[in-house]
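So the chains spell out like this:
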Amino acid sequence: MAKWLLVNNEIKNVLDPAFGLGIFSRLLISQNKDLNIKGFDVDPVIYKSAQQNFPKNSNVQLFLEDYLFNDWDNKYDGIICNPPYFKFHDYENKTTLKEIKQRLKINLSGFTNIYTLFILKSIFQIKENGRIAYIVPSEFLNSDYGTYVKDYLLKSNTLRHIIIFDFKENVFDDALTTSTILLLAKDDNTDEVQISKISKVNELNNISEYIEKYPKIKGEISINKDKIDPNIKWRNYYQKQQSSKYKNLIQFSEVAKVVRGIATGANDYFSFNVQKAQKYKIDKNHLLSCITKSKDIENPFFTTSDFETLKNKNANIFLLDADKKQQDENVLAYIEKGEQEEINKKFLTSKRKPWYKLENRIPPPIWVGVFNRTGLKFVRNEANIRNLTTFHCIYLVDNLFNKINIDLLFAYLLTDTAKQIFDDNRREYGDGLKKFEPNDLNKALMLDLSKLSKETSDKIILLYQEYRISVIQNNENNELINQINNILRKEYET
Ligand SMILES: C[S@@+](CC[C@H](N)C(=O)[O-])C[C@H]1O[C@@H](n2cnc3c(N)ncnc32)[C@H](O)[C@@H]1O
């Protein structure tokens, strides 16, 4: 990143918008003693430590100020940054969004991650022939909130190289995310964007070479800027899409709708096991059956007898269904206890009226696990109970023209083919963790099962029913799912 800035001989003024302890400045100064560097940080403890590394009269000037609200009038030859990463609804500072929108005259989605705002402001602050290097999570390349940043990167004509870290192990301690380095320049080489994937540390040498010889050599993938669409997941440009192997695909949202589970804002308070219900004398009329932890679900079918087993194990499988109008004195006492403990003042509870009334989400026929290492985990909710956010809910779309048999759909969801195609739309975190937001699944593709003949669907359903029995009898026979998978591959592979 430092090299990208330093290869520009005319570099004089550099900005580090999220200075921290100043690793970038130490590197830059060790290579070029004449630089003037400005750094911002909002953390007084970090600021104090950083000041000790960079005494007042050095060529590094530090400011204990919020980058997003300051320094709008200055422009720089080089900007280098490892910004903070957090989502806006944690940050809760809508004024920041307003500031950026007004200054840059662009539209921003409400749920924005702060690092994307740092990038936007830095593009605004770069001089002619200036360079920018940012290290950020890869997530924005493939998520809805990233669309406007990608749009701005393209419209500003500054995006030159995207370097995607595709390490199998987690190289950045504690960072539950994969990273991307963005190299930007305000020069005339606007025709193409390079993309490189780095899966081993020594591959970074290729990037060094690219930087030294810029703009003469290309990255691993080189795309004409006009062919890049900010509205799609950019994974399409750097990763082979599994769906391209199949014909007759439709969007998942045509047959089913994925929505997140119930968010309580205080799971410990709202969830109950049998003992806790007895302790607070909460009658079963005021409790809803609900899965609160994904580890309580061990296999793809969750039956009423599984529910009874969990209940007997004293698992947390109930949710408070409170209403003051019901005038139940024990429920009223429990609500009062919540207020004493200030549960009503938490982030989500404080936004509800009344704070203890949970959203009414009917039990979905299918659950899907949202965060896992081994691929998507689909569960048939035969017990017909509710779920917290540990699972997303999948409801079938009630469409006269596209009425799908739930057994056929669930049989499909259990296959590797379905999981591979969904994988095109996943978000990646470091350490092999994968995550899907509801919309990643809604917008994903699936095989159009209505194209199957009645005979083939019946065959799949028979295999599926046999598989279901094998699971329920504790003798799971995965071979049956493999057979379904093979039938589908034969029908849909191109
Ligand atoms: C990922 S760290 C950067 C580390 C830095 N490159 C180093 O050498 O230590 C992000 C830094 O941004 C700071 N920060 C968070 N919000 C900020 C804001 N609005 N303006 C400026 N700095 C901010 C944090 O305090 C933190 O030190």
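Note that the coordinates shown come from a computational prediction; the quantities given were computed from them, not determined experimentally. (Residues numbered from 1 in each chain as written. Predicted model: local features only at pLDDT ≥ 70, side-chain atom pairs only at ≥ 80, totals over all residues. Heavy atoms only, no water.)

(A) Focus on the packing of aromatic side chains. Within this structure, the stated rule accounts for 27 aromatic pairs. Here the aromatic rings of Tyr 210 and Tyr 214 are separated by 6.0 Å at their centres, their planes lie at 70 degrees, and the arrangement is edge-to-face. An identical accessibility class is assigned to Tyr 210 and Tyr 214; each is buried. Three or more aromatic residues link up through ring pairs in this structure, and these residues are Tyr 269, Phe 270, Phe 272, Tyr 280, Tyr 334, Trp 355 and Tyr 356. The ring of Phe 272 carries the charged tip of Lys 276 above its face, separated from the ring centre by 4.3 Å. (Phe/Tyr/Trp six-rings, centres within 6.5 Å; stacked < 30°, edge-to-face > 60°. Buried < 20%, exposed > 50% of the residue type's maximum accessible area, 1.4 Å probe, protein only. Lys NZ or Arg CZ within 6 Å of the ring centre and 35° of its normal.)

(B) Structural view of the state of the cysteines. Throughout the structure, instances matching the rule amount to zero disulfides. Looking at Cys 290, it has no disulfide partner, and the nearest cysteine sulfur is the one in Cys 393, 9.3 Å off. On the basis of relative accessible area, Cys 290 is assigned to the buried category, the value being 0%. (Disulfide = S-S within 2.5 Å.)

(C) View of the sheet that holds strand β1 (residues 13–16). Read from one edge of the open sheet, nine strands run β3-β2-β1-β4-β5-β7-β6-β8-β9, paired in mixed fashion. Each end of this open sheet is capped by a strand with a single partner; those strands are β3 (60–63) and β9 (221–224). Each strand axis lies, on average, 15 degrees off the axis of its neighbour in the sheet, ignoring direction. Relative to strand β2 (residues 36–40), β1 is paired through four bridges, and the arrangement is parallel. Bridge assignment links Asp 16 to a residue of β2, and that residue is Gly 39. (Pairing = 2+ DSSP bridges. Helix = DSSP H or I, 4+ residues; strand = E, 2+ residues; numbered from the N terminus. Axes fitted to C-alpha atoms, helices over the stretch in contact; angles between N-to-C directions.)

(D) Summary view of the packing of helix α14 (residues 406–413) against helix α17 (residues 454–472). Two elements in contact, α14 and α17, have axes separated by 9 Å at closest approach and are oriented at 70 degrees. With respect to their mutual orientation, α14 and α17 come out roughly perpendicular. In this structure, α14 uses Asp 407, Leu 408, Phe 410 and Ala 411 to contact α17, whose residues at the interface are Ser 457, Ile 460, Ile 461, Tyr 464 and Gln 465. Partitioning the contact of α14 with α17 into residue classes produces six nonpolar, two polar and one charged. (Parallel < 35°, antiparallel > 145°, perpendicular 65-115°, else oblique. Contact = heavy atoms within 4.5 Å. Nonpolar A, V, L, I, M, F, W, Y, C, P; charged D, E, K, R; others polar.)

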